[in-house]
Amino acid sequence: MDREEALQIVKQRISGPRFDHTVRVLKTALDLAVQYGADEKKTEIAAIFHDYAKLQPISELKKVILEKKLDSRLLDYHSELWHGPVAASIVQEEMGVHDKDVINAIRYHTTGRAGMSLLEKIIYLADYIEPGRQFPGLDEVRALAKTDLDLALTKAIGNTMKFLIDQSAQIFPDTLEAYNDMVK
Ligand code: DGI
Ligand code: FE
Ligand code: FE
Ligand code: FE
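First things first, this report covers the structure right here in the doc.

The rules behind the values
Residues numbered from 1 in each chain as written. Chains lettered and ligands numbered in written order. Predicted model: local features only at pLDDT ≥ 70, side-chain atom pairs only at ≥ 80, totals over all residues. Heavy atoms only, no water. Helix = DSSP H or I, 4+ residues; strand = E, 2+ residues; numbered from the N terminus. Expected span 1.5 Å × (residues − 1). Buried < 20%, exposed > 50% of the residue type's maximum accessible area, 1.4 Å probe, protein only. Polar contact = N/O pair within 3.5 Å; in protein donor to acceptor, adjacent residues only side chain to side chain. Donors = N, O, S within 2.8 Å, 3.2 Å for Na, K, Ca; no water. Near = heavy atom within 4 Å. Areas by Shrake-Rupley, 256 points an atom, 1.4 Å probe, with all protein chains shown as cover. 1 Å grid on protein atoms, 1.4 Å probe; cavity = no way out; pocket = protein on both sides within 12 Å on 5 of 7 lines; lining within 4 Å. Sits in = over half its atoms within 2 Å of the grid points.

### Topic: helix α9 (residues 149-166)
Between the first and last C-alpha of α9 there are 26 Å, a value that for 18 residues agrees with the 26 Å anticipated at 1.5 Å per step. Among all positions in α9, only L149, A152, L153, T154, A156, I157, G158, N159, T160, M161 and L164 are buried. Where α9 begins, the side chain of D148 points an oxygen toward the backbone nitrogen of D150, at a separation of 3.2 Å. Backbone geometry just downstream of α9 places S168 in the positive-phi region, at approximately 50°.

Set out below in structure tokens:
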């Protein structure tokens, strides 16, 4: 599947601001891929599809998690975490994308996990620093991304955890494990 075809498929499901976000993530991820030596074709497909399930109703996301036997722990955590694993499942089964690394980059783009691949790191970080985002500490992460991918990712995951703790929100185990693995 080429870039234009993938963008057309995604645009049918997530138009408007969410599609614009996807295009910015694509651009940001490709810049990171060039800089850090990741496969550009894989980066393209992962970035374009990462939020494919973002606008699906929670009830539909839940249905896919149950039917496709995705990580059942997700159901005990915030529904915000469900769209990555569901998108990964749909992209694998319906779009014929079978590259494990691409599928994992989509699946773990919200939480991260221990032992992230270069592509997984790039998609997580591109989603966090794309130019349309603005939250505290973002300029520091953007600057770090230009020189040190791992340091930037560590900051991004740490900032996300601080944000969750400030709201007394639950932290999904993969998020914590990603952080612990990065600072090890
Ligand atoms: O889909 P996007 O908005 O582009 O971004 P995303 O998929 O990274 O989702 C970001 C949201 O996910 C943000 O509000 C923080 C939240 N999040 C990330 N890790 C966790 C989490 N929320 C909970 N409750 N627990 C987590 O571990
Ligand atoms: Fe997302
Ligand atoms: Fe993210
Ligand atoms: Fe996103």
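### A look at the coordination of the iron ion (ligand 2)
Every protein donor of the iron ion (ligand 2) is listed here as D51 (OD), H83 (NE2) and H109 (NE2), and their distances to the metal cover 2.1 Å. For the iron ion (ligand 2), all donor residues lie on one chain, and their spacing in sequence is D-x31-H-x25-H. Between the two metals, the iron ion (ligand 2) and the iron ion (ligand 3), the spacing is 5.6 Å. Here D51 is found in the loop between α3 (40-49) and α4 (58-67), whereas its partner H109 is found in the loop between α6 (100-107) and α7 (118-129), with 58 residues between them in sequence. Exposure remark for H109: the relative accessible area of 2% places this residue in the buried category.

### Focus: the site of ligand 1
Around ligand 1, a shell composed of 18 residues is seen, among which K54, T110, R133, F172 and T175 lie nearest. Contacts to ligand 1 include D51, whose side-chain N or O atom sits 3.1 Å from an oxygen atom. Within the contact set of ligand 1, an oxygen atom lies 3.0 Å away from a side-chain nitrogen or oxygen of D127. For ligand 1, whose accessible area on its own is 580 Å², the fraction buried by protein is 85%. When atom positions are compared with the pocket grids, ligand 1 is found to occupy the largest pocket. Mapped by element, the contributors of at least two residues to the shell around ligand 1 are α2 (17-36) and α9.

On their own, these measurements won't tell you what the molecule is for.
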